Amino acid sequence: MKLVKLIANLGYGSRKQVALMFREGRITDADGEVLYADDKVGHDAIRIDDEPLDPPAGMLLMLHKPVGYTCSTKDKGRIIYDLLPPRYRLRAPLLSTVGRLDRDTSGLLLLTDDGQLLHRIVSPKSKLSKVYDATLAQDLRGDEAAIFASGTLMLESEKTPLAPAGLEVVDPRHAQLTLTEGRYHQARRMFAAVGNHVEALHRSRVGGLALEGLPEGEWRMLDEADIERLFAG
């Protein structure tokens, strides 16, 4: 792939803008030598304004999503891409969320531009667990764990019952819910189905990955070891 197209696909600008960056001498190799658009050089050796080039297509990152942000590129309010470098929103292929967290849910959110990896993570065959910490409006009745684990719970307007889910009671109004599905607003709708209301919802884990001290609103790139942990959990 030609350097202009490579760098434009990483979101640094249009091809015209990237071509201008070359003419301005802003694109160099690791030794500071100015590069030209027709040079042949490895990805890791390229620098833009003395900074290493962003990772190539195939990256996976973890974001600690705050409440109040939507998983969208077009919403008029705050979006999760506001928490990332602006050029990440312009990458091609698109950096997409792996599933979604609604505006009022915080916690672990994965993003990738690797379509095969995205499909592998969200595929029902993977049965990756997703752990949510729920704060409830009313005390738990005591039979919710059995109902959620039964595999017979039907949500409103659904035609098939939910897969068995785990519920661990922390105290009367706090519980940890473990799901292996990703239906629309599933955690909130499950508690609504047993007469309760979720006041706050936080996803703390996906597969073998947890936030592990990542501050709210911050993100980090994941490596091969992280991906192994994701699917090992």
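This write-up is about the structure you can find in this document. (Residues numbered from 1 in each chain as written. Predicted model: local features only at pLDDT ≥ 70, side-chain atom pairs only at ≥ 80, totals over all residues. Heavy atoms only, no water.)

A separate point is the sheet that holds strand β1 (residues 27-28). The strand order across the open sheet built from three strands is β1-β2-β3, with neighbouring strands paired in antiparallel fashion. What marks the edges here is a single partner per strand, and that holds for β1 and β3 (51-52). Direction of pairing for β1 relative to strand β2 (residues 47-48): antiparallel, over a ladder of two bridges. Bridge pairing links T28 to R47 in β2. (Pairing = 2+ DSSP bridges. Helix = DSSP H or I, 4+ residues; strand = E, 2+ residues; numbered from the N terminus.)

So, on to the side chain of D113. With respect to the element layout, D113 can be found in the loop between β6 (105-112) and α3 (115-122). Here G58 takes part through its backbone nitrogen, which lies 2.7 Å from a polar atom of the side chain of D113. A polar side-chain atom of D113 sits 2.9 Å from the main-chain amide nitrogen of M59. (Polar contact = N/O pair within 3.5 Å; in protein donor to acceptor, adjacent residues only side chain to side chain.)

Summarising the element assignment, V67 is placed in the loop between β4 (60-65) and β5 (96-97). Residue V67 is classed as partly exposed on the basis of its relative accessible area, which comes to 43%. Along the sequence, V67 and H202 sit 135 residues apart, while their C-alpha atoms lie 9.0 Å from each other. Sequence-distant contacts of V67, defined by excluding residues within four places in its chain, comprise R78, R103, D104, T105 and S106. (Buried < 20%, exposed > 50% of the residue type's maximum accessible area, 1.4 Å probe, protein only. Contact = heavy atoms within 4.5 Å.)

Residue A92 is joined to P93 through a cis peptide bond whose omega torsion reads 5 degrees. With respect to the helices and strands, the residue P93 is situated in the loop between β4 and β5. Residue K127 is not a glycine yet carries a positive backbone phi of 50 degrees. As for its placement among the helices and strands, K127 is situated in the loop between α3 and β7 (130-136). Even without being a glycine, E212 presents a positive backbone phi close to 50 degrees. Taking the relative accessible area as the measure of exposure, E212 reaches 56% and is therefore exposed.

Let us look at the packing of aromatic side chains. The final tally for this structure, using the stated rule, is two aromatic pairs. Ring centres of F148 and F191 lie 5.4 Å apart, and the angle between their planes is 80 degrees; on these two criteria the pair is classed as edge-to-face. Linking F148 in helix α4 (residues 144-149) with F191 in helix α5 (residues 186-193), this pair joins segments that are 43 residues apart in sequence. When sorted by exposure, F148 lands in the same class as F191, which is buried. (Phe/Tyr/Trp six-rings, centres within 6.5 Å; stacked < 30°, edge-to-face > 60°.)

Let's shift gears to the layout of surface pockets. What the largest pocket holds in volume is close to 680 Å³. For the lining of the largest pocket, a count of residues per class yields 15 nonpolar, ten polar and nine charged. (1 Å grid on protein atoms, 1.4 Å probe; cavity = no way out; pocket = protein on both sides within 12 Å on 5 of 7 lines; lining within 4 Å. Points joined across faces, edges and corners; volume = space filled by probe spheres on them. Nonpolar A, V, L, I, M, F, W, Y, C, P; charged D, E, K, R; others polar.)

What follows concerns α5. Burial analysis of α5 places six of its eight residues in the buried class, the great majority of the element. Burial in α5 covers these residues: Q186, A187, R188, R189, M190 and F191. Positive phi appears at G195, one or two residues downstream of α5, with a value of about 80 degrees.

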